[in-house]
Amino acid sequence: MIAFIDNKYQVDLSKPIDISIPLSNTDENPIAWYIEKPEIEPVKFGDWIGKVSEGSSTNFNNIFFNPHGHGTHTECLGHITRDFYSINQCLKQFFFKAELISITPEDINSDLVITKNQIERALNGKIPEAIIIRTLSNSESKKHKNYSKTNPPYLAEEAAIYIREIGIQHLLIDLPSVDREEDEGKLLAHKAFWNVKNVNNLNDDARLNCTITEMIFVEDTIQDGNYILNLQIASFENDASPSKPILYKI
């Protein structure tokens with residue numbers, strides 16, 4: 001049983017719904033932001049190789065990856081500020097009431113955009129702690145796609161403002177960014193969601209405890225509606241961490 005203030009919700013912890021994309025060193029790994037695929041390779045010291053199949057007692061790999069460009073990740077406002085803020089310090093709670101919505105982005109000036117009106121209609125008066133946006137059509141290729149130079153769909157600034165103003169703290173989306181791929185560094189949706197007015201001198205009402213999770217994947221078999229979200233991160237002192245968001249049906 002998980003209790004949220006005056007309400008109690010019963011979930012079956014033996015039936016997790018994983019909406020993360022695993023990280024691998026294969027061409028199946030999704031990529032964004034013009035980088036190469038991750039590297040997972042055994043450590044080598046002279047003739048010694050950290051791999052059991054090569055005679056070592058253990059598998060002992062180095063991993064090189066970028067959390068923003070190589071799969072599901074959760075970021076804090078330190079992603080866009082001059083001063084350092086860590087996701088490990090900003091995210092201190094890990095269970096949230098969440099609403100999963102599905103949206104077909106609108107064609108606006110040849111861009112595919114998620115609008116405020118679409119978010120408002122999909123929520124239909126609900127104000128969850130976390131919102132999970134599944135974009136349609138929902139192709140399996142999202143789990144393997146190279147998004148670089150494809151101008152993926154993104155969130156309108158007005159939509160991000162609306163999400164912030166109704167009090168949603170955590171935004172999860174199945175795209176490489178909430179902002180346009182090439183936007184001259186404006187990052188309008190990021191700034192609007194975190195209420196960052198000046199990246200060089202952070203305002204007192206910026207939303208330090210709020211997060212954005214990108215590059216999730218929500219299977220078609222998972223129905224829209226309310227869930228309990230367990231937002232798991234690795235303890236990186238960095239603006240972002242690879243993450244494993246898990247849903248539980250209420």
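It should be emphasised that the depicted structure is a prediction, and the values quoted were computed from it without experimental measurement.

Caption draft 1: Seen up close, the overall build of the chain. Scanning the chain for helices and strands turns up 4 helices and 17 strands. At 19 Å, the chain has a C-alpha radius of gyration in line with the 18 Å of a compact globule built from 250 residues. If you take every contact in the chain between residues at least 6 apart in sequence, the share linking residues at least 24 apart comes to 72%. When the accessible surface of the chain is split by element, carbon and sulfur atoms take 48% of a total near 13100 Å². The positive charge centre, built from 24 side chains, and the negative charge centre, built from 36, are 4 Å apart in the chain.

Caption draft 2: A look at empty space enclosed by the protein. Counted by the stated rule, this structure contains 1 cavity of 30 Å³ or more. Its volume calculated, the largest cavity comes out at about 40 Å³. Along its surface, the largest cavity is lined by W33, P152, P153, P176, S177, D179, R180 and E181. Tallied by class, residues from the lining of the largest cavity come to 4 nonpolar, 1 polar and 3 charged.

Caption draft 3: The pairing of strand β17 (residues 240-249), seen in detail. In terms of burial, β17 is largely enclosed, as 7 of its 10 residues are buried. Here 2 bridges tie strand β3 (residues 17-18) to β17, and the two strands are oriented antiparallel to one another. Counterpart to D18 in the pairing with β17 is I246. Taking the residues that link successive antiparallel strands as the turn, the strand β16 (residues 225-233)-β17 hairpin has 6 residues.

Caption draft 4: Expanded view of helix α3 (residues 157-165). By the burial criterion, the buried members of α3 are A159, A160, Y162, I163 and R164. Close packing links the buried residues of α3 with β11 (111-114), α2 (116-123), β12 (130-135), β13 (154-155), β14 (170-173) and α4 (188-194). One or two residues past the end of α3 sits G167, with phi positive at roughly 95 degrees.

Caption draft 5: Geometry of the side chain of S56. Structurally, S56 is set in the loop between β6 (48-49) and β7 (61-64). Overall, the relative accessible area of 8% leaves S56 in the buried class. From its side chain, S56 meets the backbone oxygen of T58 in a polar contact 2.9 Å long. Excluding residues within four positions of it along the chain, S56 makes contact with W48, I49, G50 and K51.

Parameters and conventions
- Residues numbered from 1 in each chain as written.
- Predicted model: local features only at pLDDT ≥ 70, side-chain atom pairs only at ≥ 80, totals over all residues.
- Heavy atoms only, no water.
- Helix = DSSP H or I, 4+ residues; strand = E, 2+ residues; numbered from the N terminus.
- Rg over C-alpha atoms; globule rule 2.2 N^0.38 Å.
- Contact = heavy atoms within 4.5 Å.
- Areas by Shrake-Rupley, 256 points an atom, 1.4 Å probe, with all protein chains shown as cover.
- Lys, Arg positive; Asp, Glu negative; His and termini not counted.
- Charge placed at Lys NZ, Arg CZ, Asp CG, Glu CD.
- 1 Å grid on protein atoms, 1.4 Å probe; cavity = no way out; pocket = protein on both sides within 12 Å on 5 of 7 lines; lining within 4 Å.
- Points joined across faces, edges and corners; volume = space filled by probe spheres on them.
- Nonpolar A, V, L, I, M, F, W, Y, C, P; charged D, E, K, R; others polar.
- Buried < 20%, exposed > 50% of the residue type's maximum accessible area, 1.4 Å probe, protein only.
- Pairing = 2+ DSSP bridges.
- Polar contact = N/O pair within 3.5 Å; in protein donor to acceptor, adjacent residues only side chain to side chain.

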